[in-house]
Amino acid sequence: MAQRALPLPEARLGRAVLTAGAAPEVSGVVLLLPDGETDSRRRPSAFSYAAQLPFARALARAGQEDGLAVHVVRYRTRGWNGGADPAADAHWAADEVVRRYGDIPVCLVGHGMGGRAALRGAGHDAVNSALAMAPWLPEGVEQEPEPVRHLAGRRVLIVHGTNDARTNPELSYRLAERVKKANRHTCRFEVHSDGNALRQHRPEVVALASDFIRGSLFARPYARPVADAFAAPPPLGLRMPLAAGFGRSLRH
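Residues numbered from 1 in each chain as written. Predicted model: local features only at pLDDT ≥ 70, side-chain atom pairs only at ≥ 80, totals over all residues. Heavy atoms only, no water.

1. Quick look at helix H6 (residues 202-218)
Phase 1: Between the first and last C-alpha of H6 there are 23 Å, a value that for 17 residues agrees with the 24 Å anticipated at 1.5 Å per step.
Phase 2: The buried fraction of H6 is high, at 15 of 17 residues. (Helix = DSSP H or I, 4+ residues; strand = E, 2+ residues; numbered from the N terminus. Expected span 1.5 Å × (residues − 1). Buried < 20%, exposed > 50% of the residue type's maximum accessible area, 1.4 Å probe, protein only.)

2. Looking at the pairing of strand S7 (residues 186-191)
Phase 1: Counting buried positions along S7 gives six out of six residues, so the element sits mostly inside the fold.
Phase 2: The side-chain alternation of S7 yields two buried faces, one formed by Thr 186, Arg 188 and Glu 190 and the other by Cys 187, Phe 189 and Val 191.
Phase 3: The sheet contact formed by strand S6 (residues 155-161) and S7 spans six bridges and is parallel. Its bridge partner being in S7, Gly 161 is matched across the sheet by Val 191.
Phase 4: Once you follow S6 into helix H5 (residues 169-182) and on to S7, the crossover reads as right-handed. (Pairing = 2+ DSSP bridges. Right-handed = clockwise from strand over helix to strand, strands pointing away.)

3. Concerning the environment of Gly 245
Phase 1: Topologically, Gly 245 is positioned in the segment after strand S8 (240-241).
Phase 2: The exposure class of Gly 245 is buried, given its relative accessible area of 10%.
Phase 3: Spatially, the C-alpha atoms of Gly 245 and Ala 207 are 9.3 Å apart, while their sequence positions differ by 38 residues.

See below:
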């Protein structure tokens, strides 16, 4: 007798990451989408969740005055699995934010596979922005091009290390070109000499992410390099270098 396939576990939101002194009411939410694998029906590891918590805390601290809450999304499985499972989980998570908090803006933030899921899931009505860090984009002429029309009206930021040996930075540049044609509110930053994990310039990456999130969710003024990147035509606005010390200098 053939064994019945077990149903997939449900996606979940991790506990809201808030900081002392945060505004009493939540006014915007970041959903963090971890990296994963190409094909795997296994449950995501506890490490993939825990690895996001320092970043979640840093974002929550930056947005505490604005009423920012950060949730790490727990996927149903750890793989993309050909059916964009994490993108569906991101869409579910945005639905859950609406159920819990009401009509507030959401920013999807993902790394690797999660970066691709953030861009795919940004068509949700509650999502007004998406940040993809070192997004995983499969190569090959047989691959269907990534959808971009649903990103119209959103703020989109892609960040990629130039020495990334795991996900191809040129693929994210080509995608950014296509997104920019559908949505002028798109920019891309290059982190020179950094790899997939973006560890070498981590303070600058966190500062850039925080600036983008606060500007997109709460209408804070963007730092001058971000505003310039949005305004510049390709390729300038899609190959903007992330300067050393970003976040420590004056904002404008």
